[in-house]
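# Architecture at a glance
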Amino acid sequence: MFLKKTYTFVEVQDICEKILKILNDYYERDDLLNPYSYDKKDLIDDLTEKSMLAFLSNGDSFSYSIPKKSLAHLLGIDTDYLATTSIFGKNLNSYELLLQFAKNAKKVFDYSSRGIIDITRVISPYVLLKIDSFYENVNLDLNHVDFICKYDKNRSYGYANFSFDMDYMIVQQKNDKYYLLILVKENNGDSCIPISNQVFDSYDELYKSLLTKIPNQEITLLSGLNIRNRKHKPIKFWIRSEDRLNKIKALLDFANDFDCIPNITSDHIRSLEILDSNREDKGQMYLIYEKIGKVMSRKELIDYDKLGIRYESAPQALISVIDSYNSSLFEDADSFDKYSNVQKQNQSLQEKLDNALEKVKQLDAELNEITNKYKDAINDNEILSQKIEDIKKILG
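The structure contained in this document is the topic of the report that follows. In this text, all values refer to a predicted model and were calculated from it rather than measured experimentally. (Residues numbered from 1 in each chain as written. Predicted model: local features only at pLDDT ≥ 70, side-chain atom pairs only at ≥ 80, totals over all residues. Heavy atoms only, no water.)

Next up on the list: the packing of helix α1 (residues 9–26) against helix α7 (residues 105–113). Between α1 and α7, the least distance of the axes is 9 Å, while the angle of their chain directions is 140°. The pairing of α1 with α7 is recorded here as oblique in orientation. Where α1 crosses over α7, the two elements pack in a sense that is right-handed. Contact residues: α1 offers F9, V12, Q13 and C16, while α7 offers A105, K106, V108 and F109. (Axes fitted to C-alpha atoms, helices over the stretch in contact; angles between N-to-C directions. Helix = DSSP H or I, 4+ residues; strand = E, 2+ residues; numbered from the N terminus. Parallel < 35°, antiparallel > 145°, perpendicular 65-115°, else oblique. Left-handed = near helix turned anticlockwise from the far one by under 90°. Contact = heavy atoms within 4.5 Å.)

And the structure:
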């Protein structure tokens, strides 16, 4: 890539605005929003409160976060050089210098124009690429992580001319581009921080960059991710079973391309445990079906408790079989005496209902008879009442 010798004010201003947006979106939340009104998305994006725990298919796990002190380097701004110039004062840490740089585009450009600072030493020629890739690398996407390289310096001897100070390399593929995030462990623990943030426009570019860096290294899959934030419950993601086979096949291709060692031991052990568990479940179901068969042969009612299973957790197919069989017992004439307590109660209620309906019919018939019997009298009474009213009108 062509290395810039100078920058226009518009270019410096654009870079500063982009960096300031990242700071505001991910780190300066208290300056922009009421912290008590954060919604769920805000909490997830707030990197001051966020850490991620990655579970790998080789059995490893590590947590990582993106602290303020790492940000300037990830975005391509040399704050070590800025500190030597003292243009923003003394005793400022890396993040404070980055924030001042992003807020003072005009001052930076003026000092560069006057020769007080060398702008090309402050801004990386890859700064715009680093800014764009930061948005993709800041959040791992379980579905888009192609592989993770567990880097061991000892493995590089005889395979590469030099080694690197890093512990993990994460490769994601999104929108036909490849994003690379390099992590190192802090204080030799399990917590990591990023030290490099890169993007490649094609697989060929990625291949050329990694070919001399990771031969004979171990590569594996990201099988699970736990996103933690102190202000809300952790969010957990796991690789889908239906995606696992395709990812394993792709991992083998990457291992062949980069001359690496694929390791999915943990996933294989987990698969065996699931298989053993399924076999155990099948054995238990066989015993249950054997009990059911014996109960059916005696034409007795099937009791879930006696089978040793709970209705709520029983397979739906098993529930259908048991319920259908139990219902059939009440329709079996030969079994009437033995299983008809409920049926007898229903029959008794039905008889009482039938008797009540018959009584209603009788009362209805008697009412109709009485109505017809006195119908003429009722009509004569109405005619007489009308004549009396007419005479009263005539007499005034």
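A full pass over the atoms with the stated rule returns nine salt bridges. A salt bridge links D25 to K21, with the nearest nitrogen and oxygen atoms 2.7 Å apart. Taken together, the residues D25 and K21, both in helix α1 and four residues apart, mark about one turn of the helix. K21 gets classed as partly exposed once you look at its relative accessible area, which sits at 46%. A salt bridge links K106 to D110; the nearest nitrogen and oxygen atoms lie 3.1 Å apart. Highlighted residues: K106 and D110, both in helix α7, separated by four residues, approximately one helical turn. Classification of K106 as exposed rests on a relative accessible area of 54%. Residue class for D110 comes out partly exposed when judged on its relative accessible area of 28%. (Salt bridge = Lys/Arg side-chain N within 4 Å of Asp/Glu carboxyl O. Buried < 20%, exposed > 50% of the residue type's maximum accessible area, 1.4 Å probe, protein only.)

Attention shifts here to the environment of C260. You can see C260 is positioned in the loop between α12 (241–258) and β10 (261–262). For C260 and E218, which are 42 residues apart along the polypeptide, the C-alpha to C-alpha distance reads 5.9 Å. Ignoring anything within four residues of it in the chain, the contact list for C260 reads I214, N216, Q217, I219 and A255.

Bringing the packing of α1 against helix α6 (residues 94–103) into the picture now. Put simply, α1 and α6 touch, their axes get as near as 8 Å, and they point 130° apart. With respect to α6, the axis of α1 lies oblique. Judged by the twist between their axes, the crossing of α1 over α6 is left-handed. Together, C16, I19, L20 and L23 of α1 and Y95, L98, L99, F101, A102 and K103 of α6 make up the contact between the two elements. Here the contact of α1 with α6 is composed, by residue class, of nine nonpolar, no polar and one charged. (Nonpolar A, V, L, I, M, F, W, Y, C, P; charged D, E, K, R; others polar.)

Turning our attention to unusual backbone geometry. Here N175, not a glycine, exhibits a phi torsion of approximately 50°, which is positive. For N175, the position within the fold is in the loop between β4 (168–174) and β5 (177–185). Note on N175: relative accessible area 67%, which makes it exposed.

Inspection of the secondary structure puts I66 in the loop between β2 (61–64) and α4 (68–75). For I66, a relative accessible area of 5% translates into the label buried. Spatially, the C-alpha atom of I66 lies 7.8 Å from that of V138, the residues being 72 residues apart in sequence. Ignoring sequence-local partners within four residues, the contact set of I66 consists of Y27, L47, L74, F134, V138 and P194.

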